[in-house]
Amino acid sequence: MTARYWRRQNRLARMSFGFFLLFGFLSLVFYMAATNLTDQPLGQVFASAQIYAFASTVIALGTHVLQSVSWWRRSGAPLPAPTSAQITTAKDVLAGLVAQQWRDETALRSLADPEPMPLAWRSTERRELADRSEIIAEGTVAFSGLDVHIEAMVRNFRALRCRRLVILGGPGTGKTTLAVQLVLELLRTREPDEPVPVLLSAARWDDRAHPRLQDWLAASLAMDYPALRAAELGTDIPETLVARGDILPVVDGLDELPDNTRADLLAALNRSMCGNDQLILTCRTEQFAESVEEIGDVLTAAAVIEPQPMGPEVAADYLQACLPPVPHPAWPAVTQALRTGAAPALAEVASTSLGLWLVRATYIAPRVDPSPLLRYAHGSAAELQDHLCDQLIPALVSTRTPADGPVQPFRPRHAWTPEQVGRWLTYVCRQLTASEDDTRDMAWWHLAGRIPNLTVRLWCGVGIGVVTGLVFFQLTDGMVLVGVVTGLLAAFVVIVMTGSWFTEVPGHAELQWRGRLAELGRVLMAGLIIGLVGAILGWLVGWHFGDYAAAWHTARNIGLLSGIGFVIVFGLIRWVEHPTVTATARSPRSTWRADRTLTVIRMLSGIVVGLMAGLIAREARLPTTVAIVGGLVLGLLFGLVVGRHHAWLAYNLTVPRLAAKGSLPMRAMDFLDDAHRLGLLRTEGPYYQFRHIELQQHLTRELQEKGADKAFEPVPPW
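Only a predicted model underlies this, so the values are computations on that prediction, with no experimental measurement involved.

**Things to note about the overall build of the protein chain**
Phase 1: Helix and strand counts for the protein chain stand at 27 helices and eight strands.
Phase 2: Burial statistics for the protein chain: of 718 residues in total, 55% are counted as buried.
Phase 3: Long-range contacts, defined as pairs at least 24 residues apart, comprise 80% of the intrachain contacts of the protein chain with a sequence gap of at least 6.
Phase 4: By element, 59% of the accessible surface of the protein chain is carried by carbon and sulfur atoms, the whole surface being about 31400 Å².

Here it is in structure tokens:
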């Protein structure tokens, strides 16, 4: 059997255990309450307490059986293939989402403000890094290295035989920038039969879980663009698009992987691609050369390009164009020293797009005295770049002040000090460095999964247990046994059920009806079946304990509670989790909000079921206050713990602990969002990344120099 099969089976077993545990808890609570509050014979007490036991059992058993049957049908029956129209629609949807995602990043990077950086690219002169020219293209495809616009780069790419391109270069030479520009231009000029370019970080590829490029690409599409899983697009759209060659993967940052992993992935690329499979790959030159030497092969049929170093005069002209009309008086001396070669360190730093941007961001944008550039100009380029990285956070915080009026896309929403931003980004860097799987991508739900959670689960269980126990203690007129038992059971349920919260991925709810009525009808039909089963069992038990009226009364109550409870809590929750084509690209903020909305929906569903249970209990002779308040409390608890997506709850249990230590603010999502607006982080789907790996490495070195090596130890998984 496949790993996917066993994951489904284990998840089904965990959910079933949770359902039985929770329903057993509810049954016992109501039975105790009814037994202690009613002086009627046990046969009459049954009407007010055992209704919940039977309804709970029916819902739990019915849910388990329906899930098992549904899984068996899906595993055994072939799924209908998407139609040509559905595939075309899916490609258009994906193209729009990718364009939306990277247009914002392009504006944030100031790629064309006031003009594109004058960095030219040419075919590599290292013949050991590229395949034979006759395999790469028919005739001659020139990446000449002259001042060629991005439109010409795209034309040259399309002229390649297999349309495979490797972008090499040193640190900060603009490899990712070029990849983003290529993605947007390919999207702008895309013909209907051409694949959709999608940019992904190589650091996210685990070749142990996904040995083939296609498997990883399909999984990434399903995660980053949930609109592709819409029911109206057909089943398995991400897998279908990848299998048909309708996706052009743009894999960024192969150099960010460990040496052995990098070589393995390069070999995996060659194994995965065949025919006319297309690819764009970015990597640092030396790391790519090492991987090629290790596997003894190049990337098949791929053109390889490298940037030409930017000359001092060209860099000086670009800086001059970026200066305000009335610049600081020291700027003429800086640009003159750069032109004449009197500032060798500055010339070396400014020969790359990263160095040029750092100079612009730290000294031109804040309009400060650039004289320190001349002081560092005669030292080493590494010292100058470290100085620019030190100045970057204060410069961006001072120049991009919070917007006073309406929200602006490239200005932060809140005021942070440079010291706070630096300290909190250092913590993010620390967590990324401690990660064994991915040192590049930070998701907000990772915050909960990377620190121990047993203590907070215990305290959470104790808190909810105390509140629940006190509520039932008051409702039962001071019956200690009822309060203690209900409190202990509530604490136990919370501690057990929250164990998986801290590793769950976020979910989202979609309440759109159009095109999904058939699925909703199946949910209602399942609820009707569960209700009928509950009514039959209720009739049999009620007839055994009483007469016809008691049997009818019990059948009605158990049937209603079973059927409606199943529909509201289980059926509708699963129904609203499906995305639609109207969904936007999954950004970190939208993912956070979506999981929060899903949590609220589950809580409201639990409250509705609890209120209904309370009304039935009131009718069945349980005191009104006990019935209504007890039902609402337990319904709320029920709504909190059921379901498969609790990332937002785990995040809110984690952030206060991090804020108490000064690692992150209480408004952690606001800070991460503003760090993106400041230009310090970028987003790739639901993940945050450092905009420049060099800044992440700079912060890492500072941590190590301060003796913070213990911070890089991975945390236990509990």
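From this point, the discussion proceeds with the structure in view.
**What about helix 9 (residues 259–272)?**
Phase 1: When the terminal C-alpha atoms of helix 9 are compared, their 20 Å separation across 14 residues agrees well with the 20 Å that a helix rising 1.5 Å per residue should span.
Phase 2: Among the residues of helix 9, Thr261, Arg262, Ala263, Leu265, Leu266, Ala268, Leu269, Asn270 and Ser272 are the ones counted as buried.
Phase 3: Looking at the buried positions of helix 9, the neighbouring elements they touch are helix 7 (213–224), strand 5 (279–284) and helix 10 (285–295).

**A short note on the sheet that holds strand 3 (residues 196–201)**
Phase 1: Taken in spatial order, the six strands line up as 1-6-2-5-4-3 in an open sheet, and their pairing is mixed. One side of each edge strand has no neighbouring strand; the edge strands of this open sheet are strand 1 (121–123) and strand 3. Neighbour to neighbour, the strand axes of the sheet diverge by 20 degrees on average, direction disregarded.
Phase 2: Sheet topology places strand 4 (residues 247–252) next to strand 5; two bridges connect them, and they run parallel. Bridged to Val250 within strand 5 is Ile280.
Phase 3: Taken strand by strand, helix 7 contacts strand 3 and strand 4, and its axis lies near 90 degrees from that of strand 3.

**Remarks on the pairing of strand 6 (residues 303–307)**
Phase 1: Of all five residues in strand 6, five are buried; the element is thus mostly enclosed.
Phase 2: Covered by surrounding structure in strand 6 are Ala303, Ile305 and Pro307 together with Val304 and Glu306, the residues of both alternating faces.
Phase 3: Alignment of strand 1 against strand 6, held across three bridges, turns out to be antiparallel. Paired with Trp121 across the strands is Pro307, a residue of strand 6.
Phase 4: Here strand 2 (residues 164–169) pairs with strand 6 via three bridges, running parallel. Bridge assignment links Leu165 to a residue of strand 6, and that residue is Ala303.

**Describing the packing of helix 11 (residues 312–322) against helix 12 (residues 331–340)**
Phase 1: One can describe the packing of helix 11 onto helix 12 by two numbers: an axis separation of 7 Å at closest approach and a directional angle of 160 degrees. The angle between helix 11 and helix 12 places the two elements in the roughly antiparallel class. The crossing of helix 11 and helix 12 is left-handed. Residues Pro312, Glu313, Ala315, Ala316, Asp317, Leu319 and Gln320 of helix 11 form the contact with helix 12, whose participating residues are Thr335, Leu338 and Arg339.
Phase 2: Looking at the contact of helix 11 with helix 12 residue by residue, the classes come out as five nonpolar, two polar and three charged.

**What to know about empty space enclosed by the protein**
Phase 1: Per the counting criterion, the structure on display carries two cavities of 30 Å³ or more.
Phase 2: By volume, the second largest cavity is sized at about 60 Å³.
Phase 3: Surrounding the second largest cavity, Phe157, Arg158, Arg163, Leu186, Arg190, Glu194, Pro195, Pro197, Leu248 and Gln278 form its lining.
Phase 4: Here the residues of the lining of the second largest cavity sort into five nonpolar, one polar and four charged.

**A short note on the packing of aromatic side chains**
Phase 1: A full pass over the atoms with the stated rule returns eight aromatic pairs.
Phase 2: Here Trp444 and Trp445 contribute two aromatic rings whose centre-to-centre distance is 5.6 Å and whose plane-to-plane angle is 90 degrees, an arrangement assigned as edge-to-face.
Phase 3: For Trp444, a relative accessible area of 0% puts it in the buried group.
Phase 4: Both rings, one in Trp444 and one in Tyr651, keep their centres 5.8 Å apart while their planes meet at 90 degrees; by these two values the pair is edge-to-face. You can see Trp444 sitting in the loop between helix 17 (418–434) and helix 18 (446–449) and its partner Tyr651 sitting in helix 25 (residues 647–660), a full 207 residues away along the chain.
Phase 5: Overall, Tyr651 belongs to the buried group, its relative accessible area being 4%.
Phase 6: Here a set of aromatic residues connected by ring pairs shows up, and it is made of Trp444, Trp445, Trp592, Tyr651 and Tyr687.
Phase 7: We note Arg589 situated over the ring of Trp592; from NZ or CZ to the ring centre the distance is 5.4 Å.

**Considering unusual backbone geometry**
Phase 1: At Arg163, a residue that is not glycine, the phi angle is positive and equals roughly 55 degrees.
Phase 2: By the secondary structure assignment, Arg163 is in the loop between helix 5 (150–158) and strand 2.
Phase 3: In this model, Arg367 sits at a positive phi of 55 degrees, which is unusual for a non-glycine residue.
Phase 4: With respect to the helices, strands and loops of the structure, Arg367 is situated in the loop between helix 14 (353–364) and helix 15 (371–376).

**With respect to the pairing of strand 2**
The side chains of a regular strand alternate, residue by residue, between the two faces of the sheet.
Phase 1: A large share of strand 2 lies buried, amounting to six of its six residues.
Phase 2: The alternating pattern of strand 2 places Arg164, Val166 and Leu168 and Leu165, Ile167 and Gly169 on opposite faces, both of which are buried.
Phase 3: The pairing of strand 2 with strand 5 spans six bridges and is parallel. If you follow Val166 over to strand 5, its bridge partner there is Leu281.

**A few points about a nonpolar patch on the surface**
Phase 1: Taken together, the side chains of Met525, Leu528, Ile529, Leu532 and Val533 make up a nonpolar region of the molecular surface, amounting to roughly 460 Å² of accessible area.
Phase 2: Residue position: Met525 is located in helix 21 (residues 517–545).
Phase 3: In this structure Met525 comes out as partly exposed when scored by relative accessible area, which is 48%.

**Considerations on the nonpolar core**
Phase 1: One finds Leu94, Phe288 and Leu425 to be the most contacted residues of the largest nonpolar core, which totals 160 residues.
Phase 2: Broken down by element, the residue count for this core peaks at nine residues, all from helix 3 (residues 84–109).
Phase 3: Excluding anything up to four places from it in sequence, Leu425 contacts Ile393, Phe671, Ala675, Leu680, Leu681, Phe690 and Leu699.

About the thresholds
- Residues numbered from 1 in each chain as written.
- Predicted model: local features only at pLDDT ≥ 70, side-chain atom pairs only at ≥ 80, totals over all residues.
- Heavy atoms only, no water.
- Helix = DSSP H or I, 4+ residues; strand = E, 2+ residues; numbered from the N terminus.
- Buried < 20%, exposed > 50% of the residue type's maximum accessible area, 1.4 Å probe, protein only.
- Contact = heavy atoms within 4.5 Å.
- Areas by Shrake-Rupley, 256 points an atom, 1.4 Å probe, with all protein chains shown as cover.
- Expected span 1.5 Å × (residues − 1).
- Pairing = 2+ DSSP bridges.
- Axes fitted to C-alpha atoms, helices over the stretch in contact; angles between N-to-C directions.
- Parallel < 35°, antiparallel > 145°, perpendicular 65-115°, else oblique.
- Left-handed = near helix turned anticlockwise from the far one by under 90°.
- Nonpolar A, V, L, I, M, F, W, Y, C, P; charged D, E, K, R; others polar.
- 1 Å grid on protein atoms, 1.4 Å probe; cavity = no way out; pocket = protein on both sides within 12 Å on 5 of 7 lines; lining within 4 Å.
- Points joined across faces, edges and corners; volume = space filled by probe spheres on them.
- Phe/Tyr/Trp six-rings, centres within 6.5 Å; stacked < 30°, edge-to-face > 60°.
- Lys NZ or Arg CZ within 6 Å of the ring centre and 35° of its normal.
- Patch = residues over 30% accessible without salt bridge, like charges linked within 9 Å, V, L, I, M, F, W, Y side chains within 5 Å.
- Salt bridge = Lys/Arg side-chain N within 4 Å of Asp/Glu carboxyl O.
- Core = buried A, V, L, I, M, F, W, Y, C linked by side-chain atoms within 4.5 Å.

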